[in-house]
Amino acid sequence: TAEEVSVQWWRSVGASHTAFSTESFVDELAVAAKQDPVALRRALLAKRPRHLAALDLAAKEAGWGQPLAPGKPGEKRGRGVAVHESFGTVVAQVVEATVKPDKTFTVDRVVCAVECGLAVNPDIVRAQMEGGIVMGISNVLHESITFRNGKVRQSNFHDYPILRMADAPESIEVSLIPSQEPPAGIGAASLPLMGGAIANAFLKLTG
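The paragraphs below set out a description of the structure included in this document. (Residues numbered from 1 in each chain as written. Predicted model: local features only at pLDDT ≥ 70, side-chain atom pairs only at ≥ 80, totals over all residues. Heavy atoms only, no water.)

Regarding the state of the cysteines
Step number 1: Scanning all chains against the criterion turns up zero disulfides.
Step number 2: Lacking any disulfide linkage, Cys 112 is separated from the closest cysteine sulfur, that of Cys 116, by 10 Å. (Disulfide = S-S within 2.5 Å.)

In structure tokens, the structure reads:
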């Protein structure tokens, strides 16, 4: 008989794959149109002030448009961007990433801007953003569940690797946009963007 795998909730639920598909597709459009990814998003979000504010702040803080410091010989460095709204909160992220000569890929820096309405406890907002970013990088670069004969192959952290401190970004910078709007959800709002932002950096670096 056919075996079924039960699929259940994951942090950020539907926003996880929605943000990845939309934000990676926007960069594909930017490549096809020969436009800068941030400039294209600014045009698309011209009537969305909260999204535009988050995007502009993240791009500014990340130095978008300015050259990155060169890496070691043979390394290629670049940036990727994503912006997404989930749970009433708008987040924009820029990642700096490196492709090494052996084709390994690292995320070196993440700049995050968040517009979540009134931030009741700014420290908790920053902590949730940082945690979601680290979890998102781990999901994208390391984690995978595979099956053999209908059974999950992974059993523990020796064969299900997660992001370790040595591989985490050297810098995660979170900026909050002041707002007097009602507080919005914050617990999972930074996670959905990581897939798109990292994929967009990878696209930039490798084509």
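Observations concerning the sheet that holds strand E1 (residues 76-86)
Step number 1: With respect to topology, four strands assemble into an open sheet ordered E1-E2-E3-E6, the strand pairing being mixed. Each having just a single partner strand, E1 and strand E6 (171-176) make up the two edges of the open sheet. For this sheet the average axis-to-axis angle between neighbouring strands, irrespective of direction, equals 15°.
Step number 2: One ladder, built from six bridges, connects strand E3 (residues 105-115) with E6; its direction is parallel. By the bridge assignment, Arg 109 is partnered in E6 with Ser 171. (Pairing = 2+ DSSP bridges. Helix = DSSP H or I, 4+ residues; strand = E, 2+ residues; numbered from the N terminus. Axes fitted to C-alpha atoms, helices over the stretch in contact; angles between N-to-C directions.)

Here we look at the environment of Gly 136
Step number 1: Inspection of the secondary structure assignment puts Gly 136 in helix H4 (residues 122-141).
Step number 2: Accessibility expressed as a relative area gives 3% for Gly 136, which makes it buried.
Step number 3: Setting aside its immediate chain neighbours within four residues, Gly 136 contacts Leu 191 and Met 194. (Buried < 20%, exposed > 50% of the residue type's maximum accessible area, 1.4 Å probe, protein only. Contact = heavy atoms within 4.5 Å.)

Considering unusual backbone geometry
Step number 1: For Ser 12, which is not glycine, the phi dihedral falls at a positive 85°.
Step number 2: Tracing the backbone shows Ser 12 in the segment before helix H1 (15-33).
Step number 3: Residue Ser 12 is classed as buried on the basis of its relative accessible area of 4%.
Step number 4: The phi dihedral of Lys 103 is positive, around 75°, even though this residue is not glycine.
Step number 5: By the element assignment, Lys 103 lies in the loop between strand E2 (89-99) and E3.

Some remarks on the nonpolar core
Step number 1: Of all hydrophobic cores here, the largest spans 25 residues; its most connected members are Phe 105, Val 114, Met 129 and Ile 137.
Step number 2: Elements that contribute at least two residues to this core include exactly E2, E3, H4 and helix H5 (193-206).
Step number 3: The element contributing the most residues to this core is H5, with six residues.
Step number 4: With near-sequence residues (within four places) excluded, Ile 137 lies in contact with Val 107, Val 110, His 142, Leu 163, Pro 169, Met 194 and Ile 198.
Step number 5: Core analysis: the next-biggest nonpolar cluster, separate from the first, contains 16 residues, Leu 55, Ala 59, Val 94 and Val 111 among them. (Core = buried A, V, L, I, M, F, W, Y, C linked by side-chain atoms within 4.5 Å.)

Quick look at the pairing of E1
Step number 1: Burial analysis of E1 places eight of its 11 residues in the buried class, the great majority of the element.
Step number 2: Where E1 lies against E2, 11 bridges are found, and the strand directions are antiparallel. Bridge pairing in E2 links His 84 to Val 91.
Step number 3: The turn linking E1 back onto E2 is made up of two residues, and Phe 87 within it adopts a positive phi angle of 60°.

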